[in-house]
Amino acid sequence: MPLKPPPDKTPENRRTQMYKGVLELAVLSLLKDGAQYGLKILDRMRDEVGLDLAEGTLYPLLHRLEKAGLVKPEWRMEQGISHPRKYYTLTKAGAADFAEQRTTWLELCDRLNAFLQRATP
Amino acid sequence: MTDHDIIETWLRALMQALSAMPAEMRADIVNEARAHLEERLAAGLKAESALHGFGTAEVYARPFMDDFQVHTALQSKSSLSMIRALLNQTARSLVALLGLFVALVTGLLGLGSIAMIAQKIIAPDKVGLWIWHTAGQNFMCLGICDGHPHTPDMIGMWAYAVFVFIAALMWFICRLSLRLALKSLVRPKKMAST
C-alpha cells in the first residue's frame, strides 16, 4: 500500500510554501499590467499563477507594500458597483523594485533549472 | 442571523481589534475588507465562506497592528517604544531577536560604564586602567580591578573621559541596532537573494 504524504508535504502545500517566498514578486508583476484591487488580485493569482492565496495574506502584504512606497492606493467608485474599490498602482519605486526582483528570480530559475535537469529522474 | 449580519459582526470585531490605530487608517482597512466581503456575497458566496480566507478579526488585524507599531516606534525615536515593538516580533522574526540581543548587550555595557564613572567619583583609586606582567604574560584591566599587583593606574582622571566615551558609543550602537532591526521589519519580505 503506498504511503500517504504528511499533510505539510502534499503537492498543494509544497507549491504554496514555494510561492510564499516570491509572493511579493508575483503581486508586483500583476500590478505592472495596471491598477488592480484586492479581490481581482486574488482571483488572478488563483487563475493565472495557480496560487490559492488567502485574504489574510494578501491584504497585509498590500498594506506593507503601500507603507514601503512601492504601490499607491486609490479608492474608485465604478458604475454598477454599490461600493468603492481600493485600487493599487505600482509606483516608480515599485517598478524599479519589481525589475530588480524579476532579474534575480529569473537568474535563480535559470541556474536551478540547469542544475535540476543535469540528471533525469 | 443573515449573511450581512455575520459580516457586520466580523467587521465590528475588526474595528475593535484595530482600535489602537488612527481612525482614518482603521477605516481604510475595514472598508477594504467590507468591499471585498460584499462583493463575495453579491457573487453568491455564504458569509462563512467569504470570511474563511480572512480568519478571525483578531488574527487578520495582527499584521496590520504589528506594522503600525513598528512604524510608530520608528517615528517616535523612543528607545522604549522600539524595544516594545521588537519584543512583539521576536517570536516571528530572527532579525528582531538579534536586534534586541545586540541592544541588550550594548545597553548593559553602557550602563556598566556609567556605573564606573559613579564608582570613580566615590572611590577614585579603585577605578582605572592597569597593565601588568605576570608569569610571562601581559594582563590588562579597565574598570574596577582588585586582583592586579601594585602597579600604577595608567589613566588616572582620564578614566572619566574613557568611560563617557564608552557609554556614548554603546548608547549609539544600542539605538542603531534597534533602528536597523525595526527598519528591516518595515520592508516587505523579499525572496532570498542569490
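Structure shown above.
Basis of the calculations
Counting of residues starts from 1 at the beginning of each chain's written sequence and follows it residue by residue. Chain labels run from A onward and ligand labels from 1 onward, assigned in the order the entries are written. Residues qualify for local features only when their pLDDT is at least 70, as the model is predicted, and side-chain atom pairs are given and counted only at 80 or more; totals for whole chains, interfaces and linings, by contrast, use all residues. Hydrogens and waters are ignored; side-chain quantities use all the structure's heavy atoms. Helix and strand assignments come from DSSP, with helices taken as H or I runs of at least 4 residues and strands as E runs of at least 2, each series counted from the N terminus. A simple rule labels every residue: compare its accessible area, found with a 1.4 Å probe on the protein chains alone, to the largest value its type can have, and call it buried under 20%, exposed over 50%, or partly exposed in between. Contacts: residue pairs with any heavy atoms within 4.5 Å of one another. The method behind every accessible area is Shrake-Rupley, applied with a 1.4 Å probe, and residues are considered shielded solely by the protein chains displayed. As used here, the term nonpolar core means buried Ala, Val, Leu, Ile, Met, Phe, Trp, Tyr and Cys residues forming a set that is joined through side-chain atoms within 4.5 Å. Any Lys or Arg side-chain nitrogen found within 4 Å of a carboxyl oxygen on Asp or Glu counts as a salt bridge. Side-chain atoms alone can form a polar contact between residues adjacent in sequence; in general such a contact is a pair of N or O atoms within 3.5 Å, and within protein one must be able to donate a hydrogen while the other accepts it. Three residue categories are used. Nonpolar comprises Ala, Val, Leu, Ile, Met, Phe, Trp, Tyr, Cys and Pro, charged comprises Asp, Glu, Lys and Arg, and polar comprises the others, including Gly. When two rings of Phe, Tyr or Trp (its six-membered ring) have centres within 6.5 Å they constitute a pair, described as stacked for plane angles under 30 degrees, edge-to-face for angles over 60, and tilted for the intermediate range. Pairs of strands are assigned from DSSP output, requiring at least two bridges between the strands.

Draft legend 1. Focus on the overall build of chain A. Per the secondary structure count, chain A includes five helices and three strands. The secondary structure elements of chain A, listed N-terminal to C-terminal, are α-α-β-α-α-β-β-α. Expressed as a percentage of the 121 residues in chain A, the buried residues total 35%. Residue pairs at least 24 apart in sequence account for 48% of intrachain contacts in chain A once pairs closer than 6 positions are excluded. In the structure as shown, chain A presents an accessible area of about 7600 Å², 55% of it carried by carbon and sulfur atoms.

Draft legend 2. Seen up close, the nonpolar core. Ranked by size, the top nonpolar core spans 44 residues in total, and within it Val27 and Met45 of chain A together with Trp10, Leu14, Leu18, Leu37 and Tyr60 of chain B carry the most contacts. The residues contacting Leu18 of chain B, other than those within four sequence positions of it, are Arg26, Ile29, Val30, Ala61, Phe64 and Met65 of chain B.

Draft legend 3. Structural context of the interface of chain B and chain A. The interface is formed by 26 residues belonging to chain B together with 34 residues belonging to chain A. Where chain B meets chain A, there are four salt bridges. Linking Arg40 of chain B and Asp43 of chain A is a salt bridge whose minimum nitrogen-to-oxygen distance equals 3.2 Å. The interface formed by chain B and chain A includes 14 residue pairs in polar contact (both at pLDDT 80 or more). Taken together, the elements giving at least two residues each to the side of chain B that touches chain A come down to α2 (23-42), α4 (57-76) and α7 (158-186) of chain B. Looking at which element gives the most residues to the side of chain B that touches chain A, the answer is α2 of chain B, with ten residues. In terms of residue class, the side of chain B that touches chain A is made up of twelve nonpolar, five polar and nine charged.

Draft legend 4. Summary view of the packing of aromatic side chains. All names here are of chain A. Summed over the entire model, instances satisfying the criterion amount to seven aromatic pairs over all chains. Where Tyr37 meets Tyr87, the ring centres are 5.2 Å apart and the plane angle is 65 degrees; that geometry is what we call edge-to-face. One end of the pair, Tyr37, is in strand β1 (residues 36-37); the other, Tyr87, is in strand β3 (residues 85-90), and 50 residues separate them in sequence. Grouping residues by exposure puts Tyr37 and Tyr87 together as buried.

Draft legend 5. Focus on the sheet that holds β3 of chain A. All names here are of chain A. Across the sheet, which stays open at both edges, the three strands sit in the order β1-β3-β2 with antiparallel pairing between neighbours. Every other strand in the sheet has two partners, leaving β1 and β2 (71-76) as the edge strands with one partner each. Here six bridges tie β2 to β3, and the two strands are oriented antiparallel to one another. Looking at the pairing, Lys72 lines up with Thr89 of β3.

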